[in-house]
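Breakdown of the fold
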Amino acid sequence: RRLSNMKWCHNGASLYQIQFADQKQEFNKRPTKIGRRSLSRSISQSSTDSYSSAASYTDSSDDETSPRDKQQKNSKGSSDFCIKNIKQTDFGRREIEIAEQEMPALMALRKRAQGEKPLAGAKVVGCTHITAQTAVLIETLTALGAQCRWAACNIYSTQNEVAAALAERGLSVFAWKGESEDDFWWCIDRCVNLEGWQPKMILDDGGDLTHWIYKKYPNMFKKIKGIVEESVTGVHRLYQLSKAGKLCVPAMNVNDSVTKQKFDNLYCCRESILDGLKRTTDVMFGGKQAVVCGYGEVGKGCSAALKAMGAIVYVTEIDPICALQACMDGFRLVKLSEVIRQVDIVITCTGNKNVVVRENLDRMKNGCIVCNMGHSNTEIDVASLRTPELTWERVRSQVDHVIWPDGKRIVLLAEGRLLNLSCSTVPTFVLSITATTQALALIELYNAPEGRYKQDVYLLPKKMGNMHEYIFLGHFLDEYLSEEQAKYLGLNKNGPFKPNYYR
């Protein structure tokens, strides 16, 4: 009887349709925070390209007072920090301890090198996501002798309790979840502008910190010994400075290191794409049709995950090598216009802009899920959807219905920002690999003799990468090559075993 009373709807292209709660709230009526007088934001937009709504113990705080208006001290009496609430330190410490269990490479590096203190005297200024995982990195750098001051590279990704735990340990942290644009630049400036404190090393994610020092404090920038950058956007900006002859500091490109590309970009996205989609939409993947735009390492991970869950996966690609790889991996190579009317899920992973434009969005089927796994929010033309004829409905955090006049709606996730950091989390184990690479890059640049690195952008030396793998997998690896084997291959018996051009 219940079945007979149910009304079934069918749009002709999908076996079933996801229905969402009707919590109407027009996009243009959403409350916005009234920030302080904004500093110039012309340098970059990367801080808002992605953000995290991952579960945080203190997300729902009743205290709306800006941290800038609070006077806080840790148990030792220090007030050289600005965070949401220092009283949350116990919760943050527990989260950091959990993360340490899943970051064996970084913990092994800490244990191996803390006696030697390879970063002794290094004043490191950092701008990354402030999460339990990056806290393990920051505390490792401190254990290796560095003095650290830290800000967040993103206004939404900070875990407030983790920031509190770092501040309690005496680290100068300037970050909280939900910063305004003005807060963002204020935190970076507080991190950098301390009388008598000249940073020697920069650890950046997105390039905002680097460009802030370059623009605002040129004399300070000239005294920097090295920069380590982990994001594609930040690396791109470093190469622009280098090409223009304005980079007066050696920089290490971590983003294009083998350990970052082969692990973080591929395996991290292979797991987190499913996590992000499940948390936001509860979608079942089996039988769904999905198109993945881009078949780089991120696209490979996303496509493999969806295929393994029973989805029918199409791939769009402009690079002939990546396109051929997609074919060899069993995916159908298509043009987006060929499948846009029939697919249930659209995922962008190119790192480019305007990959999915208004014309594509207009042609999508009712209920199509649209999301981005690339670095920034430029891949989906979300601005074209903010027009009077379209209605926005907030379904839940990071999930919006965009409704056309005829009633058709798409499900837009994180307003086109990075899905995994916006709507879920990323695997701690993978972050251990990236964080260890960053730490090794800092050690290499800081201890390099004069003249080894010029004012340019470099990849992490292969020998340092191999050190990472031995720290990480030493007890699993086979014995070293014999002298005869090494001579036959023309290699050092202790490695590295891949040429510098290997990617």
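In the nomenclature of an unreviewed UniProt entry, the chain corresponds to Adenosylhomocysteinase like 2 from the organism Scleropages formosus. Quoted verbatim from the Sequence similarities (unreviewed entry) field of the UniProt record, the comment on the chain reads "Belongs to the adenosylhomocysteinase family."

Points about the state of the cysteines
In this structure the tally under the stated criterion is zero disulfides. With no disulfide of its own, Cys 269 has Cys 268 as its nearest cysteine by sulfur position, at a separation of 5.0 Å.

Considering the UniProt feature "binding site: substrate" (unreviewed entry) in the chain
UniProt records the feature "binding site: substrate" (unreviewed entry) for Thr 131, Asp 205, Glu 230, Lys 260 and Asp 264 in the present numbering. Setting aside residues up to four positions removed in sequence, Glu 230 forms contacts with Asp 204, Asp 205, Val 254, Asn 255, Lys 260, Thr 434 and Gln 438. Mapped onto the secondary structure, Lys 260 falls in helix H10 (residues 258–281). According to the relative accessible area criterion, Lys 260 is buried, its value standing at 7%. Excluding its chain neighbours within four sequence positions, the residues that come into contact with Lys 260 are Glu 230, Val 254, Asn 255, Asn 265 and Thr 434.

A word on helix H5 (residues 160–168)
For H5, the buried fraction is high: eight of the nine residues fall into the buried class. When we look at burial in H5, the residues that qualify are Asn 160, Glu 161, Val 162, Ala 163, Ala 164, Ala 165, Leu 166 and Ala 167. At its buried positions, H5 is contacted by helix H2 (89–101), helix H4 (132–143) and strand E3 (172–174). Directly after H5, the chain includes Gly 170, whose backbone phi takes a positive value near 95°.

A short note on the pairing of strand E2 (residues 147–152)
Of all six residues that make up E2, five are buried, and the element is covered over most of its length. Strand direction decides the pairing type here: strand E1 (residues 123–128) and E2, joined by six bridges, are parallel. Bridge pairing in E2 links Cys 127 to Ala 151. With H4 bridging E1 and its parallel neighbour E2, the resulting β-α-β unit is right-handed. Note that E2 and E3 share three bridges and pair parallel.

Some points on the confidence of the model for the chain
On average, residues of the chain carry a pLDDT of 84, and 82% of them reach 70 or more. Ignoring residues within four places in sequence, the model shows residues 1–62, a span with pLDDT below 50, making 130 contacts including any to other chains.

Overview of the packing of aromatic side chains
Tallied over the full model, the rule gives seven aromatic pairs. When the ring of Tyr 453 is compared with that of Tyr 458, the centres are 4.9 Å apart and the planes differ by 75°; the resulting orientation is edge-to-face. Here the basic side chain of Lys 408 rests over the ring of Trp 404, its NZ or CZ set 4.1 Å away from the ring centre.

Brief notes about the UniProt feature "binding site: NAD(+)" (unreviewed entry) in the chain
Per the UniProt annotation, the sites labelled "binding site: NAD(+)" (unreviewed entry) are Gly 296, Glu 297, Val 298, Gly 299, Lys 300, Gly 301, Glu 317 and Asn 420. Checked against the element boundaries, Gly 296 lands in the loop between strand E7 (289–293) and helix H11 (297–308). Considering the arrangement of structural elements, one finds Glu 317 in the loop between strand E8 (312–316) and helix H12 (320–328). Among the polar contacts listed, one links the side chain of Glu 317 to the backbone nitrogen of Tyr 295, at a separation of 2.6 Å.

Section: the sheet that holds strand E10 (residues 345–348)
If you walk across this open sheet you meet the eight strands as E9-E8-E7-E10-E11-E14-E13-E12, and the pairing is mixed. Both edges of this open sheet fall to strand E9 (332–333) and strand E12 (391–396), since each of them pairs with a single strand only.

What to know about the side chain of Arg 93
Looking at the secondary structure, you find Arg 93 in helix H2. Residues contacting Arg 93, with those up to four places away along its chain left out, are Glu 139, Ala 165 and Arg 169.

Thoughts on helix H16 (residues 428–447)
The end-to-end C-alpha distance of H16, which contains 20 residues, comes to 28 Å, matching closely the 28 Å that a straight helix rising 1.5 Å per residue would cover. The element H16 is largely enclosed, with a buried count of 18 among its 20 residues.

A word on the pattern of salt bridges
Summed over the entire model, instances satisfying the criterion amount to 17 salt bridges. The residue Asp 183 makes a salt bridge to Arg 68 at a minimum N-O spacing of 2.8 Å. Pair noted here: Asp 183 is in helix H6 (residues 181–192) and Arg 68 is in the loop between helix H1 (2–5) and H2, with a separation of 115 residues, a long-range link. Its salt-bridge partner being Asp 275, residue Arg 279 comes within 2.8 Å of it at the nearest N-O pair. With a gap of four residues between them, Arg 279 and Asp 275 both fall in helix H10, about one helical turn apart. In this structure Arg 279 comes out as partly exposed when scored by relative accessible area, which is 40%.

Procedures and definitions
Residues numbered from 1 in each chain as written. Predicted model: local features only at pLDDT ≥ 70, side-chain atom pairs only at ≥ 80, totals over all residues. Heavy atoms only, no water. UniProt positions renumbered as here; feature names shortened; annotations may be inferred. Disulfide = S-S within 2.5 Å. Contact = heavy atoms within 4.5 Å. Helix = DSSP H or I, 4+ residues; strand = E, 2+ residues; numbered from the N terminus. Buried < 20%, exposed > 50% of the residue type's maximum accessible area, 1.4 Å probe, protein only. Pairing = 2+ DSSP bridges. Right-handed = clockwise from strand over helix to strand, strands pointing away. pLDDT = per-residue confidence, 0-100. Phe/Tyr/Trp six-rings, centres within 6.5 Å; stacked < 30°, edge-to-face > 60°. Lys NZ or Arg CZ within 6 Å of the ring centre and 35° of its normal. Polar contact = N/O pair within 3.5 Å; in protein donor to acceptor, adjacent residues only side chain to side chain. Expected span 1.5 Å × (residues − 1). Salt bridge = Lys/Arg side-chain N within 4 Å of Asp/Glu carboxyl O.

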